[in-house]
Amino acid sequence: SQELEQSPQSLIVQEGKNLTINCTSSKTLYGLYWYKQKYGEGLIFLMMLQKGGEEKSHEKITAKLDEKKQQSSLHITASQPSHAGIYLCGADKSGNTPLVFGKGTRLSVIA
Amino acid sequence: GAGVSQSPSNKVTEKGKDVELRCDPISGHTALYWYRQSLGQGLEFLIYFQGNSAPDKSGLPSDRFSAERTGGSVSTLTIQRTQQEDSAVYLCASSLSGSKETQYFGPGTRLLVL
């Protein structure tokens with residue numbers, strides 16, 4: 001079965017710094033989703049990537065999909081306290097739902 | 001517009017009791033999913049409904065778990081004879097259709113089995 005590994009598991013950065021979170025799949029990626037979760041809340045959809053080399057941005061968050069490496073990266077520029085939370089990547093299994101998720105990366109942003 | 005809603009938001013129950021968790025998907029979404037998030041674990045798929053097709057129950061951990069979706073809208077996840085290991089956050093998601101459509105999640109139900 002497909003497995004997604006996220007790195008790092010947790011990250012503490014100073015406000016204003018850039019950071020990158022990686023999501024690596026054990027199998028071919030057909031669709032890669034990034035979500036953010038805050039304590040006590042559900043998952044907030046950030047971005048979906050489907051094509052190799054695809055790159056999407058939303059405010060200060062950019063995600064890329066490298067099909068050959070079976071990997072996606074999420075980059076946050078000039079981090080803010082509002083970026084704190086758990087970032088989860090999810091992938092389509094052979095183009096069919098449901099999604100398989102990584103265990104998440106816990107991001108803390110300190111002033 | 002309204003997102004996915006779940007109720008209750010929190011549920012505390014005693015071991016051995018049955019519980020029902022409810023999910024109201026986004027209006028017009030034909031696909032509905034249940035996931036479970038346990039402490040220290042990632043999101044685990046439980047069951048998936050798509051339109052009038054037979055549900056994909058491949059993720060249900062035991063026969064104590066069941067779910068139904070009435071009228072293609074609201075879904076109820078039932079856990080019978082709850083065990084302490086059932087304690088988790090149960091998340092519901094819906095999407096416009098099945099494959100390759102973004103799943104939108106509800107806030108979850110936090111279940112604690114004492």
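Definitions and cut-offs
Residues numbered from 1 in each chain as written. Chains lettered and ligands numbered in written order. Predicted model: local features only at pLDDT ≥ 70, side-chain atom pairs only at ≥ 80, totals over all residues. Heavy atoms only, no water. Helix = DSSP H or I, 4+ residues; strand = E, 2+ residues; numbered from the N terminus. Rg over C-alpha atoms; globule rule 2.2 N^0.38 Å. Buried < 20%, exposed > 50% of the residue type's maximum accessible area, 1.4 Å probe, protein only. Areas by Shrake-Rupley, 256 points an atom, 1.4 Å probe, with all protein chains shown as cover. Lys, Arg positive; Asp, Glu negative; His and termini not counted. Charge placed at Lys NZ, Arg CZ, Asp CG, Glu CD. Contact = heavy atoms within 4.5 Å. Buried area = accessible area lost by both parts, 1.4 Å probe. Polar contact = N/O pair within 3.5 Å; in protein donor to acceptor, adjacent residues only side chain to side chain. Pairing = 2+ DSSP bridges. Axes fitted to C-alpha atoms, helices over the stretch in contact; angles between N-to-C directions. Disulfide = S-S within 2.5 Å. Core = buried A, V, L, I, M, F, W, Y, C linked by side-chain atoms within 4.5 Å. Salt bridge = Lys/Arg side-chain N within 4 Å of Asp/Glu carboxyl O. Phe/Tyr/Trp six-rings, centres within 6.5 Å; stacked < 30°, edge-to-face > 60°.

**Student:** For this particular structure, what's the right way to read the overall build of chain B?
**Tutor:** Of the regular secondary structure elements, chain B holds zero helices and ten strands. On C-alpha atoms alone, chain B measures out to a radius of gyration of 13 Å, which is about the 13 Å that the 2.2 N^0.38 rule sets for 114 residues. The buried share among the 114 residues of chain B stands at 48%. Total accessible area computed for chain B in this model is approximately 5500 Å², and 47% of it derives from carbon and sulfur atoms. Taken as two groups, the 11 positive and 11 negative side-chain charges of chain B have centres that lie 2 Å from each other.

**Student:** Teacher, can you tell me more about the interface of chain A and chain B here?
**Tutor:** Accessible area lost upon the coming together of the parts serves often as the stated size of an interface. Facing 22 residues of chain A, the contacting portion of chain B comprises 22 residues. The contact between chain A and chain B buries some 1700 Å² in all, and 53% of this surface belongs to carbon and sulfur atoms. Counting across the interface, chain A meets chain B through three residue pairs in polar contact (both at pLDDT 80 or more). For the side of chain A that touches chain B, the secondary structure elements donating two or more residues are strand 4 (32-37), strand 5 (43-49), strand 9 (85-93) and strand 10 (96-101) of chain A. The element best represented in the side of chain A that touches chain B is strand 10 of chain A, accounting for five residues.

**Student:** Honestly, the sheet that holds strand 3 (residues 19-25) of chain A in this entry has me stumped. Any pointers?
**Tutor:** Whenever strands of a sheet pair, they do so through backbone hydrogen bonds, lying parallel or antiparallel. Residues and elements named next belong to chain A. Pairing within the open sheet is antiparallel, and its five strands lie in the order 1-3-8-7-6. Two strands lie at the open edges of the sheet, namely strand 1 (4-7) and strand 6 (55-58), each paired on one side alone. Between one strand axis and the next, the sheet turns through 15° on average, direction left out of account. Looking at chain direction, strand 6 and strand 7 (residues 61-66) are connected through four bridges and run antiparallel. Bridge pairing links Lys56 to Ala63 in strand 7.

**Student:** Just checking my understanding: could you explain the sheet that holds strand 1 (residues 5-7) of chain B for this structure?
**Tutor:** Residue and element names in this part refer to chain B. Within the open sheet, the four strands sit side by side as 1-3-7-6. Their pairing is antiparallel. With one partner strand each, in any of the chains shown, strand 1 and strand 6 (65-69) form the two edges of the open sheet. Ignoring which end each strand starts from, the neighbouring axes of this sheet average 15° apart. Relative to strand 3 (residues 19-24), strand 1 runs antiparallel, the two being bridged by three bridges. Bridging from a neighbouring strand, Gln6 pairs with Cys23 of strand 3.

**Student:** What exactly am I supposed to notice about the state of the cysteines here?
**Tutor:** In protein structure, a disulfide is the covalent linkage between the sulfur atoms of two cysteines. Residues and elements named next belong to chain B. Evaluation of the coordinates by the stated rule reveals two disulfides over all chains. The disulfide that involves Cys23 links it to Cys92, with 1.8 Å between the sulfurs. Its torsion about the S-S bond being -65°, the disulfide of Cys23 and Cys92 is classed as left-handed. With Cys23 in strand 3 and Cys92 in strand 8 (residues 88-95), this pair connects stretches of sequence that are 69 residues apart. Among the residues examined, Cys92 registers a relative accessible area of 0% and is labelled buried.

**Student:** Can you help me understand the nonpolar core in this one?
**Tutor:** Buried together is how nonpolar side chains tend to be arranged in soluble globular proteins. In terms of nonpolar packing, the biggest core is built from 22 residues, with A:Leu19, A:Leu32, A:Trp34, A:Leu74, A:Tyr87 and A:Leu107 touching the most fellow members. Listing elements by their share of this core, those giving two or more residues are strand 2 (10-14), strand 3, strand 4, strand 5, strand 7, strand 8 (71-76), strand 9 and strand 11 (105-110) of chain A. Here A:Leu19 is in contact with A:Leu11, A:Val13, A:Leu74, A:His75, A:Ile76, A:Ser79 and A:Leu107, once residues within four sequence places are set aside. Core analysis: the next-biggest nonpolar cluster, separate from the first, contains 20 residues, B:Leu46, B:Phe49, B:Ile79 and B:Val113 among them.

**Student:** What is the right way to look at the pattern of salt bridges in this model?
**Tutor:** Side-chain pairs of opposite charge can arise where the charged atoms are in close proximity. Residues and elements named next belong to chain B. In this structure the tally under the stated criterion is five salt bridges over all chains. We note a salt bridge from Asp24 to Arg22, for which the minimum N-O separation is 2.8 Å. Among the residues examined, Arg22 registers a relative accessible area of 37% and is labelled partly exposed.

**Student:** Can you help me understand the packing of aromatic side chains in this one?
**Tutor:** Any two aromatic rings considered together are summarised by their centre-to-centre distance and by the angle between their planes. Evaluated as defined, the whole model comprises ten aromatic pairs over all chains. Ring centres 5.2 Å apart and planes at 85° place the aromatic pair A:Tyr35 and B:Phe105 in the edge-to-face group. Of this pair, A:Tyr35 sits in strand 4 while B:Phe105 sits in strand 9 (residues 104-105), on two different chains. In this pair, the class of A:Tyr35 matches that of B:Phe105, namely buried. Connected via pairs of aromatic rings, a cluster forms that spans A:Tyr35, A:Phe45, A:Phe101, B:Tyr33, B:Tyr35, B:Phe45, B:Tyr48, B:Tyr104 and B:Phe105.

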